[in-house]
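Here is how the chains run, residue by residue.
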Amino acid sequence: MSASQSYSVVVAGGGLGGLTAALSLRHKGLRVTVLEQAPQLGEVGAGIQTAPNASRILIGLGLRAQLEAIHTEPLDQVRRRWKDGSVIAMTSLGDRCKREYNAPYWHYHRADLHKVLLDACVDPDGPGPVVQIRTNSQVVDVDRADPARPIAVTSGGERYPADVVIGADGIRSSVRDALDLPDTLVFSGEMAYRVLIPGDKIAADPATRWLVDRFQSTIWYGPDRHLVHYMIRGGQFLNVVAIVPCSPEIERKWSGPASADELVDAFPGWDDRVASMLSKSEGDATVWAMFHRRRDPVWTDGHVVLLGDACHAMLPYQAQGASQAMEDAAVLAEELGAVTVSGIGDALARYVSRRAKHAGMVQDASWQNMSFYHLPDGPEQRARDAKLKDFNGESDVSYDWLWRGTPLHDKDLEAFSYQFRK
Ligand SMILES: Cc1cc2nc3c(=O)[nH]c(=O)nc-3n(C[C@H](O)[C@H](O)[C@H](O)COP(=O)(O)OP(=O)(O)OC[C@H]3O[C@@H](n4cnc5c(N)ncnc54)[C@H](O)[C@@H]3O)c2cc1C
């Protein structure tokens, strides 16, 4: 896009979705301002996985070297039974993902991934106009008196007019509220403990040493609860997400601190290795009530549009929420980057039609995984385990479909091969 055709975009929210969108739009030559409510940009102290559908997009944004510096690569995805840790199914990741999906399956510390995106947004030598970042800027309303020139309004009364306003402001999106969209938020009845356990403590104990000897992405299945863990920062931390029925207190408060004892107590009767692992957490565990949004294909009104958790918040039971936000960002940039101001409305409609059904299927499958993962021992559980052995995926969506991602117009990116291109 030439400088004379470039136009302005305000992104409300500087999370992983908002920054991927800002960077993608910058690459298309658009002038982007990010408004973030927090005093400082950053992410929670936890891990995150990007499957090939998201890694491909990040690498396509020129971030390969930066990601190689911060990633940890799991060699397999392993599913285990709660009682004795026996392996239900194993899926090869590592080189297989690069070979079959042309992009890697990687793990990171969230703060590291967020910093890579932020640095690229503000890099003076990067392609397109440098992204402007405004912290302490909570968007409370969007003035749409002129539908073609919406104005993001902050709690401090500042007004940011733009040709497009993007709501990337998370599960409780104010931009979504400003569009008067239906309340689709649903409480799942579950909560997630999140903790980073020091890798050296894991390595020092023979009962947990196996977690360091081969990096894997592991899911334990049990009645009413499940457990996910993987190494990040090359083994510095074991990232653990433990999903259990929600306590009345966390349902009321949405989140809070948690202790190692509480974590261990949440998995009574499980394989001893689980307690050995969880008992090593160091008091910085947190617990969060889990919500999702019901599928809703309305993501745009005039020149205001939603992205990420603001429109398709999903349970983390496929590790796809941020990855789907990255797919949103790539498709939105393709559409907005191809038009001048007069084409924005149509470009946003095309973005929604390319993304809403796809993200909705992932939302639904993640929701279904809640009961699928948590079956009591019995015939249904045995049928599930048999399915997991043979099926390349979980619930109703296959990894083939999920990891290939939404088809992109960018043929270079579609044909991208991690293995063979520098
Ligand atoms: C336990 C758990 C594990 C997960 N694991 C994975 C995984 O492995 N892989 C994966 O892809 N996804 C995972 N997810 C999902 C993922 O974390 C989210 O889907 C993703 O972070 C959503 O990104 P977002 O940018 O849309 O929203 P957010 O990350 O919520 O970012 C929103 C940003 O907007 C800011 N903001 C909010 N309101 C305003 C406002 N009014 N004005 C200005 N700024 C505002 C916030 O401060 C924040 O910075 C997991 C989620 C959980 C809970």
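Refer to the structure presented above.
About the criteria used
Residues numbered from 1 in each chain as written. Predicted model: local features only at pLDDT ≥ 70, side-chain atom pairs only at ≥ 80, totals over all residues. Near = placed C-beta within 6 Å. Helix = DSSP H or I, 4+ residues; strand = E, 2+ residues; numbered from the N terminus. Nonpolar A, V, L, I, M, F, W, Y, C, P; charged D, E, K, R; others polar. Contact = placed C-beta atoms within 7 Å. Buried ≥ 20, exposed ≤ 12 C-beta atoms within 10 Å, placed from the backbone. Pairing = 2+ DSSP bridges.

## Comments concerning the site of the ligand
Link 1 in the chain: The environment of the ligand is made up of 32 residues, and the closest members are Gly13, Gly15, Gly170, Gly308 and Gly321.
Link 2 in the chain: At the level of secondary structure, the elements contributing two or more residues to the shell around the ligand comprise helix H1 (16-27), strand S3 (47-50), strand S12 (185-198) and helix H12 (321-337).
Link 3 in the chain: In terms of residues, the shell around the ligand owes the most to one element, H12, which gives four residues.
Link 4 in the chain: Its residues assigned to classes, the shell around the ligand comprises 14 nonpolar, 14 polar and four charged.

## Concerning the environment of Thr50
Link 1 in the chain: Mapped onto the elements, Thr50 comes out in strand S3.
Link 2 in the chain: The sequence separation of Thr50 and Asn239 amounts to 189 residues, and the corresponding C-alpha distance is 14 Å.
Link 3 in the chain: The contact partners of Thr50, leaving out residues within four places of it in the chain, are Ser55, Leu58, Trp106 and Ser323.

## Concerning unusual backbone geometry
Link 1 in the chain: The backbone of Asn102 sits at a positive phi, close to 65°, despite the residue not being glycine.
Link 2 in the chain: With respect to the helices and strands, Asn102 occurs in the loop between helix H3 (94-101) and strand S6 (106-109).
Link 3 in the chain: Under the C-beta neighbour-count criterion, Asn102 is labelled buried, with 22 such atoms within 10 Å.
Link 4 in the chain: Of note, the phi angle at Asp224 is positive, near 70°, even though the residue is not glycine.

## Points about the sheet that holds strand S2 (residues 31-35)
Link 1 in the chain: In spatial order, the strands read S7-S2-S1-S11-S19-S18; together these six strands make up an open sheet with mixed pairing. The open sheet terminates on both sides in strands that have one partner only, identified here as strand S7 (132-134) and strand S18 (300-301).

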